[in-house]
Amino acid sequence: MVDLTPTLNRPGLHVSKPSPNTPATGSAVCHCGATATATGDNQVRALVEGYTANHGAAHNRTGR
């Protein structure tokens, strides 16, 4: 299996929820150097929303 965890060399967002009964986990690394992790469905949802609004492709939209 390929390791999909983001790194500074391979930035991105990774979310995992192996089954409905386990909490989601997530990690994010942006090319600007920002990193974050989260555990739990609500926290991972907030991580995804924050990453997509402020990092990753958002940098291309704002020129930062």
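Residues numbered from 1 in each chain as written. Predicted model: local features only at pLDDT ≥ 70, side-chain atom pairs only at ≥ 80, totals over all residues. Heavy atoms only, no water.

**A few points about the overall build of the protein**
Note the following rule: Each helix is a run of DSSP H or I of at least 4 residues and each strand a run of E of at least 2, with the numbering of both proceeding from the N terminus. Working definition: with a 1.4 Å probe on protein chains only, accessible area under 20% of the residue-type maximum means buried, over 50% means exposed, and in between means partly exposed. Areas reported here follow the Shrake-Rupley algorithm with a probe of radius 1.4 Å; residue values treat only the protein chains shown as occluding.
A count of helical and extended segments in the protein gives 2 helices and 3 strands. In the protein, the succession of helices and strands from N to C terminus is β-β-β-α-α. For the protein, the spread of C-alpha atoms along the three principal axes comes to 40 × 25 × 15 Å. Within the protein, the proportion of its 64 residues that are buried is 25%. Here the protein has roughly 4,500 Å² of accessible surface; of this, 55% comes from carbon and sulfur atoms.

**Focus on the pattern of salt bridges**
Worth spelling out the cut-off: Here a salt bridge means any side-chain nitrogen of Lys or Arg lying within 4 Å of a carboxyl oxygen belonging to Asp or Glu.
One pass over the full model with this rule turns up 1 salt bridge. A salt bridge links Lys17 to Asp41; its shortest N-O distance comes to 3.1 Å. One end of the pair, Lys17, is in the loop between strand 1 (12-16) and strand 2 (25-29); the other, Asp41, is in helix 1 (residues 41-54), with 24 residues separating them in the sequence.

**What about the nonpolar core?**
Going by this rule: Within this scheme, the nonpolar core is defined by two criteria: the residues are buried Ala, Val, Leu, Ile, Met, Phe, Trp, Tyr or Cys, and they are joined through side-chain atoms within 4.5 Å.
Counting 7 residues, the largest nonpolar core consists of Ala24, Ala28, Cys30, Ala38, Val44, Leu47 and Tyr51. Considering every element that reaches this core, the biggest residue donor is helix 1, with 3 residues.

**Observations regarding the pairing of strand 2**
Definition in use: Whether two strands pair depends on DSSP finding at least two bridges between them.
Across the 5 residues of strand 2, 4 count as buried, placing the element largely inside the fold. Summarising the sheet, strand 2 and strand 3 (residues 35-39) pair through 5 bridges and their orientation is antiparallel. The residue bridging Ser27 from the neighbouring strand is Thr37, located in strand 3. The turn joining strand 2 and strand 3, which pair antiparallel and follow one another in sequence, is formed by 5 residues; a positive phi near 105 degrees is taken by Gly33.

**Remarks on the state of the cysteines**
Working definition of a disulfide: a covalent bond connecting the sulfur atoms of two cysteines. Quick reminder of the rule: Here, a disulfide means two cysteine sulfur atoms that sit within 2.5 Å of each other.
As enumerated under the stated definition, the model contains 0 disulfides in all. Here Cys30 is not cross-linked by a disulfide; its sulfur's nearest cysteine counterpart is in Cys32, at 3.6 Å. You can call Cys30 buried: its relative accessible area is 1%. On the basis of relative accessible area, Cys32 is assigned to the partly exposed category, the value being 46%.

**Details of helix 1**
Each turn of an α-helix holds 3.6 residues, which means side chains three or four residues apart point in the same direction. Stated formally: Expected span of a helix: the number of residues minus one, times 1.5 Å. Think of the arc as the fan of directions from the helix axis to the C-beta atoms. When checking whether two residues touch, look at their non-hydrogen atoms; a contact exists if any pair is within 4.5 Å.
Look at helix 1: 20 Å from first C-alpha to last across 14 residues, which is about the 20 Å you get at 1.5 Å a residue. Considered for burial, the residues of helix 1 that qualify are Val44, Leu47 and Tyr51. The arc that holds every buried residue of helix 1, seen down its axis, measures 55 degrees, which confines them to one face. In helix 1, the exposed positions angled more than 90 degrees off the buried face are occupied by Asn42 and Glu49. Tucked inside the fold, the buried residues of helix 1 contact strand 1, strand 2 and strand 3.

Just geometry here; none of it tells us what the structure is for.
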